[in-house]
Amino acid sequence: MVDPSLPDPEKLAAVRTAIPSLAAGIYMNTGSVGPLPAETAAAMADMAGYERDVGRAHMDYFNEFLDRMNEARAGVAAVLGTDVGAVALNHSTTDGMNAATLLPDWRAGGRAVTTAHEHAGGVGPLYALRDRNGIDVVFVDAGDDGDDDRTIAAFEKAITADTRLVSISHVLWTTGAVLPVRAIADVAHDRGALVIVDGAQAAGAIPFRFEDLGADLYAVPAQKWLLGPEGMGALVVDPAVVQRLRPSLAGWFSFETVDGTGGATWWTDARRFEASGYHRPSVVGMARSIGWLSMFVGLDFVHRRGPALAAAAADRLAAIPGVTVLTPRHAMGTLVTLRIEGWPAEAALDELGSRIFLVARTIPTLDALRLSIGFFTTEDELDRVAEAIELLATHTPETLPPRRTLAIFGQG
């Protein structure tokens, strides 16, 4: 049992016991998909079992499920330090970015500004609008090095009077750099543009309050740093935007109830941005994971330990000859992106996976490794990763000593 009052060493041990997959390897790919707490998996299995044995069509079951949706919204609101009315559930970060990108009136064209380091989930809808509506998509080559002054100046130049949308990440998925979102949002708003933010590598990883960012809409995934199931996410919407913009009715479940005249009334909060077709066990899992992080692990522990470990890892790796850390140390969250001289990223990852059971990923566009350092990572794991990377850095794929093997006699 994880108790928020436990001292850090005891809490870490309890957390690792509560997340069984951490025993299967060195888990450093939460930036893609996080490890699932056993409590979450059990809650989802219980819900799936109920649907199998009792069914899904009972009205009482549906009404209870609405409470679980409220629980998931409240969990996201707690993590982002905002009101529950600002949270709409959806199916992924990409889902949220798609919905937000379509909100401006693009019929007369216009301009969208983003960075050259965005994830496909944010860039995809911009390309679609460019091809369909002929909008001008401008890619700003800034942000990856953590030079905020250069980044802000680049956006000041790129955001013109005809810019309708600025679409950026809070933390770049490539280098792990934290962007100066508030400063960019201020420039965008001064020129009449809507600001949407991809929060995939920030929500649950680093501390912040949604209102402090100045963003209009903020897309969140459940499966990454919130340790929830795949297929769920949320779109956090500034209340002023809720009142000003409405999503297209096509594909959206945006009505509150039937009014006295027999017509439907709009939700008056962010729920008007919600779609339908939710997998109920996944909603329960999302709510359970976020609740577990917030109430049992404690967000202070999560936000304090993860970034501190990532910073320590970046410092140690940068000190290894032949290793280049691409993540700006002064503007980082919990991602560490690096290159090892003489090693293609895929070859290095394969070797590290075989030698120390490292679970990580590559960034193909940079030919680099990316490590996601979680609050559940241990110092011993960081030592093992650093030692293995140092070994690779002193060799090439051709000169690296072979891995130890275990011969089993009498087999076959």
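Quick caveat, the model's predicted, so the values are computed rather than measured.

What to know about the nonpolar core
Most often, soluble globular proteins keep nonpolar side chains buried together rather than apart.
Part 1 of the argument: If you look at the biggest cluster of nonpolar residues, it comprises 55 residues, and the most contacted ones within it are Leu 80, Val 166, Tyr 218, Val 236 and Met 286.
Part 2 of the argument: Core analysis: the next-biggest nonpolar cluster, separate from the first, contains 33 residues, Ile 26, Leu 369, Ile 373 and Ala 386 among them.

Things to note about the packing of aromatic side chains
Describing an aromatic ring pair means giving the distance of the ring centres and the angle of the ring planes.
Part 1 of the argument: Counted under the stated rule, the structure contains six aromatic pairs.
Part 2 of the argument: Measuring from centroid to centroid gives 6.0 Å for Tyr 127 and Phe 139, while their planes differ by 45°, and the two rings are tilted. Residue Tyr 127 is located in helix α5 (residues 120-133), and its partner Phe 139 is located in strand β4 (residues 136-140); the two are separated by 12 residues in the primary sequence.
Part 3 of the argument: Its relative accessible area of 34% is what places Phe 139 among the partly exposed residues.
Part 4 of the argument: Aromatic pair Phe 208 and Tyr 218: ring centres 5.4 Å apart, planes at 40°, arrangement tilted.

What to know about the pairing of strand β15 (residues 368-372)
Part 1 of the argument: For β15, the tally of buried residues reaches five of five residues, placing the bulk of the element in the interior.
Part 2 of the argument: Side chains of β15 alternate between two faces, with Ala 368, Arg 370 and Ser 372 and Leu 369 and Leu 371 buried alike.
Part 3 of the argument: Inspection of the sheet shows strand β14 (residues 361-363) paired to β15 by three bridges, in the antiparallel sense. If you follow Arg 361 over to β15, its bridge partner there is Arg 370.
Part 4 of the argument: Between β14 and the antiparallel strand that follows it, β15, lie four residues; Asp 367 among them carries a positive phi value of about 50°.

Quick notes on the pattern of salt bridges
Part 1 of the argument: For the coordinates displayed, the defined rule picks out 20 salt bridges.
Part 2 of the argument: One salt bridge in this structure joins Arg 16 and Glu 381, with 3.0 Å as the shortest N-O distance. With a gap of 365 residues between them, Arg 16 in helix α1 (residues 8-18) and Glu 381 in helix α12 (residues 379-393) connect regions that are remote in the sequence.
Part 3 of the argument: Note on Glu 381: relative accessible area 6%, which makes it buried.
Part 4 of the argument: In this structure, Arg 288 and Glu 39 form a salt bridge, with 3.9 Å as the shortest nitrogen-oxygen distance. Pair noted here: Arg 288 is in helix α10 (residues 280-318) and Glu 39 is in helix α2 (residues 38-53), with a separation of 249 residues, a long-range link.

Conventions we followed
Residues numbered from 1 in each chain as written. Predicted model: local features only at pLDDT ≥ 70, side-chain atom pairs only at ≥ 80, totals over all residues. Heavy atoms only, no water. Core = buried A, V, L, I, M, F, W, Y, C linked by side-chain atoms within 4.5 Å. Buried < 20%, exposed > 50% of the residue type's maximum accessible area, 1.4 Å probe, protein only. Phe/Tyr/Trp six-rings, centres within 6.5 Å; stacked < 30°, edge-to-face > 60°. Helix = DSSP H or I, 4+ residues; strand = E, 2+ residues; numbered from the N terminus. Pairing = 2+ DSSP bridges. Salt bridge = Lys/Arg side-chain N within 4 Å of Asp/Glu carboxyl O.

Honestly, it's all geometry; don't read function into it.
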